[in-house]
Amino acid sequence: MVGAVLCAALAAFACAARAGDALSLKELSPNGADACFGRVYDAAHLKAHPQQKVARIFFFYGHDPVSRPNEEPGAENDTSYNGFLTTTVRGAKAPEWASGWCNKNDASDPSTIIRCGMECDRTLASLKVDDKGKLVLSDLSPDIYLDPDSEEQLGKAEYNKQALGSEDDNFKLDPMPADTCKAEFARIDPIDPALGDPLRVRLKPDQPFCFGRDYDDAHLKSHPNQLTRSIRVFRGSVELAAFAQNGDAKDWPDGADIAVSVTTRQKGAKVTQTYSCQGEADQWRCSASSKMSDFSCDISQKEIFLKRGANGTMMIANPNNAVAVVDLCSKAAAGKTKSDDKVYRLQPLPQSACAP
């Protein structure tokens, strides 16, 4: 998957390079507002075109309709891309989507086709508005939603299954209200209103926090493989000072240190470990840090994940035995955890409950 990693790096560079190009194409947006084009195919059309997988298709030109409250620093989210495509294939419950930057080789020639590019010199689509105001969308690759080397990686049969059909190109889309496209993109991953704001909004870079849970005897009896009796996740004065010295508030939560303290049911042993976090999609990805510990092994691959939970709670996930219920350099910390100490739902607590 080297190609995919390289493309991701190139995409980041391309985003920065084209951030100022948004909403500059008068053919798509004469008044500079967000523009939407789409089409929903009926059963008769799909029956007549058996090699067309796409049942719904929408193209949005404007400000990002996809990004929703997430944990990544969002300085460039609103301007990095200006073309967004979403399609729903037959029988699918939700759409897929891709984005790119759109421009013309000759901005002064109204007949020039608009090309929307993607990372690794791939094409999202070619666009042209006809004399009736419809958007003609062409050059749509069958692997638009797959990695550049997906055919080799997946094999021909699986590639054909995941790729678009041979008739999924040269679409003619009707102009529609911008809200129609936004509603279509919202179908991709509906927001649960109970989750509220992301952690990076709820938790401030210059303020402490404390989340935790204490498990009673009844719970522990019903979960005999759980080692954790009590858990706290917090930022205190030490973590705040570290971010004030080395962090940047505009990049929050990247570079945020947190501490995780676990008391186990085995003789009440308590283990505290520091992690360094960064925003990643809808979660904080936190790697074990040796800043306040002296480890005899490389603990950088010991990770935990924080996610916002419903009604102000915090979820902490431990998929690879990363929560420090044991010495992270011990044999017990190698590989997948065999205990029930994998996912915790934590409540907000007063800071005094997280005192070291």
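Numbering of residues begins from 1 in every chain and follows the order in which that chain's sequence is written. It should be noted that, the model being predicted, local features are given only for residues of pLDDT at least 70 and side-chain atom pairs only at 80 or more, the latter also being counted only at that level, while totals for whole chains, interfaces and linings use all residues. Think of the side-chain values as coming from all heavy atoms in the structure, minus any hydrogens and water.

> Help me out: how do you make sense of the sheet that holds strand 4 (residues 96-104) in this one?
Where strands meet in a sheet, backbone hydrogen bonds hold them as pairs that are either parallel or antiparallel. A pair of strands is treated as paired once DSSP finds two or more bridges between them. Numbering goes from the N terminus for both helices and strands, where a helix is a DSSP run of H or I of at least four residues and a strand is a run of E of at least two. With antiparallel pairing, eight strands are arranged side by side around a closed barrel as 1-2-3-4-5-6-7-8. Across the sheet, the mean angle separating the axes of adjacent strands is 30 degrees when strand polarity is ignored. In terms of strand pairing, strand 1 (residues 35-40) meets strand 8 (residues 171-176) through three bridges, oriented antiparallel. Counterpart to Phe 37 in the pairing with strand 8 is Pro 175. We call two residues in contact whenever any of their non-hydrogen atoms come within 4.5 Å of each other. Structural elements are reduced to axes, namely lines fitted to C-alpha atoms, with helices fitted over the stretch in contact, and the angle between N-to-C directions of any two is expressed from 0 to 180 degrees. Helix 5 (residues 178-186) contacts strand 1, strand 2 (54-61), strand 3 (83-89), strand 4 and strand 8 of the sheet and is inclined by roughly 120 degrees relative to strand 2.

> Explain unusual backbone geometry to me, please; I cannot follow it from the model alone.
Keep in mind that most residues, glycine aside, have a negative phi and that most peptide bonds are trans. The linkage connecting Trp 252 with the following residue, Pro 253, adopts the cis geometry, with an omega of 10 degrees. Secondary-structure assignment places Pro 253 in the loop between helix 8 (237-246) and strand 11 (256-264). Despite not being glycine, Asn 170 has its phi angle at roughly 55 degrees, a positive value. Structurally, the position occupied by Asn 170 is in the loop between helix 4 (156-162) and strand 8. For each residue, the accessible area found with a 1.4 Å probe, counting protein chains only, is set against the maximum for its type, and the residue is called buried under 20%, exposed over 50%, and partly exposed in between. On the accessibility criterion, Asn 170 (57% relative accessible area) is exposed. Even without a glycine there, the phi angle at Asn 311 is positive, about 60 degrees. Within the secondary structure, Asn 311 sits in the loop between strand 14 (303-308) and strand 15 (314-317). Look at Asn 311 and you get exposed, because its relative accessible area is 69%.

> How do you make sense of the environment of Asp 34 when you look at a structure like this?
Here Asp 34 is to be found in the loop between helix 1 (2-18) and strand 1. Classification of Asp 34 by relative accessible area gives partly exposed; the value is 22%. Measuring from C-alpha to C-alpha, the distance between Asp 34 and Pro 65 comes to 9.7 Å, with 31 residues separating the pair along the chain. Definition of a polar contact: a pair of N or O atoms within 3.5 Å, with one able to donate and the other able to accept a hydrogen when the atoms are protein atoms, and with sequence-neighbouring residues admitted only if both atoms are side-chain atoms. A polar atom in the side chain of Asp 34 sits 3.0 Å from the side chain of His 63.

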